[in-house]
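# Structural description and commentary
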Amino acid sequence: MNLFPRAEVPAHVESLIGREIFRFDTVESTNDTAKELLGDRAREGTVIVAERQVSGRGRHGRAWASPPGGLYCSIVLTPDPRHVQLLNLVSGMPVVKALRHWSVLATLKWPNDVVFRDRKIGGILCEGVHRHDTFYVVAGIGVNTNVPLDRLPAEAGGGATSLKAETGTEVSNDEFLEYMLREYEKVYKASQSGARNVLARDYMALCTTIRQRVEVATPEGKVRGTAIEVTPLGALVLVDDSGVRTEVADGSVTPLRE
Ligand code: BTN
């Protein structure tokens, strides 16, 4: 790990998110680096960015391929613990917005997979940490911006893609990050305010899981039904054939093609 990262103060000095950015060449995982720096060095809004990760982590204990070319960052947050589940969901929205700005019409798969034509192009790993009497969330974001397809895993369910593979052009990771952080600031503030109903509605507009028949593998078992909405607390609501309504807090969604 580079122990002496360059700390930058961005042009948008009034911004909370990205008020300070630590850049590294190589880390194990930007989430782990953020956790090491929590407190005096990494306050709310601090962002850790790396050119590559050697042990990038995904949801449910999976690995996240992190070769050079991709965007790997973690944002330090101190949210109200009651709104963490919604924050976890809406953390994918800034990635979708930025990809759309660069001409890739990405969508979200609940809870926060960023996909383009059924292929994964970005992902979110939010982790809660208690440190020095403060509750932090480290929101890790990985985006396959300029990653060649042969460096991405051929996962089950369609595999992965990158912005470069879809558009044929490279994007500046710095410009992409700046755009995405400005969008993140909007969703973060909304998730901590009284605007959570509106935010959940905006999330649903970007999420293709809504109105689909799905099976969700949860820690408590599998649930099937039609996904009808996301609550302002961030749960996915399923209705089965008998009209029974179930709220699911976390899990992996598989669309049912019956
Ligand atoms: C997923 O979809 O499974 C989540 C992927 C999250 C990857 C990002 S890359 C930056 C941050 N550091 C990590 O180790 N993971 C997240």
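Above this note sits the structure.
Report on the accompanying structure. (Residues numbered from 1 in each chain as written. Predicted model: local features only at pLDDT ≥ 70, side-chain atom pairs only at ≥ 80, totals over all residues. Heavy atoms only, no water.)

## Some points on the site of the ligand
Around the ligand, 18 residues are found, and the nearest of them are Ser 29, Gln 53, Arg 57, Arg 59 and Lys 120. Between the ligand and the protein, one listed contact pairs a nitrogen atom with a backbone N or O atom of Arg 57 at 2.7 Å. In the model, an oxygen atom of the ligand is placed 2.6 Å from a nitrogen or oxygen of the Lys 120 side chain. Summarising the interface, the protein chains cover 99% of the accessible area of the ligand, which totals 410 Å² for the free molecule. Residue assignment for the shell around the ligand shows that the elements contributing at least two residues are α1 (30-37), β7 (119-131) and β8 (134-143). Counting residues per element, the shell around the ligand draws most heavily on β7, which supplies four residues. Class assignment for the residues of the shell around the ligand results in five nonpolar, nine polar and four charged. (Near = heavy atom within 4 Å. Polar contact = N/O pair within 3.5 Å; in protein donor to acceptor, adjacent residues only side chain to side chain. Areas by Shrake-Rupley, 256 points an atom, 1.4 Å probe, with all protein chains shown as cover. Helix = DSSP H or I, 4+ residues; strand = E, 2+ residues; numbered from the N terminus. Nonpolar A, V, L, I, M, F, W, Y, C, P; charged D, E, K, R; others polar.)

## Observations regarding the pairing of strand β11 (residues 236-239)
Inspection of the sheet shows strand β10 (residues 221-230) paired to β11 by four bridges, in the antiparallel sense. From the neighbouring strand, Val 230 faces β11, where its bridge partner is Leu 236. In textbook terms, the turn of a hairpin is the stretch between consecutive antiparallel strands, and for β10 and β11 this stretch comprises five residues, one of which, Gly 234, has a positive phi near 100°. One ladder, built from four bridges, connects β11 with strand β12 (residues 245-248); its direction is antiparallel. Directly across from Leu 238, in β12, lies its bridge partner Thr 246. Hairpin geometry of β11 and β12 is characterised by an intervening segment of five residues between the two adjacent antiparallel strands and by a positive phi of about 85° at Gly 243. (Pairing = 2+ DSSP bridges.)

## Focus: the sheet that holds strand β13 (residues 252-255)
Taken together, five strands build an open sheet; the order of strands is β12-β11-β10-β9-β13 and the sheet is antiparallel. Each end of this open sheet is capped by a strand with a single partner; those strands are β12 and β13. Neighbour-to-neighbour, the strand axes of the sheet open up by a mean angle of 45°, direction not taken into account. When strand β9 (residues 213-218) meets β13, the two strands line up antiparallel, connected through four bridges. Residue Glu 215 lies in a different strand from β13, and its bridge partner there is Thr 254. (Axes fitted to C-alpha atoms, helices over the stretch in contact; angles between N-to-C directions.)

## Let's talk about the packing of aromatic side chains
Here the structure, examined in full by the defined rule, presents two aromatic pairs. Here the aromatic rings of Trp 102 and Tyr 179 are separated by 5.7 Å at their centres, their planes lie at 80°, and the arrangement is edge-to-face. With Trp 102 in the loop between α3 (93-101) and β5 (107-109) and Tyr 179 in helix α5 (residues 173-191), this pair connects stretches of sequence that are 77 residues apart. Put simply, the rings of Trp 102, Phe 176 and Tyr 179 pair up and form one aromatic cluster. (Phe/Tyr/Trp six-rings, centres within 6.5 Å; stacked < 30°, edge-to-face > 60°.)

## So, the environment of Leu 77
Here Leu 77 lies in strand β4 (residues 71-77). The sequence separation of Leu 77 and Gly 45 amounts to 32 residues, and the corresponding C-alpha distance is 5.9 Å. Among all residues touching Leu 77, those that are not within four sequence positions of it are Ile 17, Glu 44, Leu 87, Phe 135, Tyr 136, Val 137, Ala 139, Tyr 184 and Tyr 188. (Contact = heavy atoms within 4.5 Å.)

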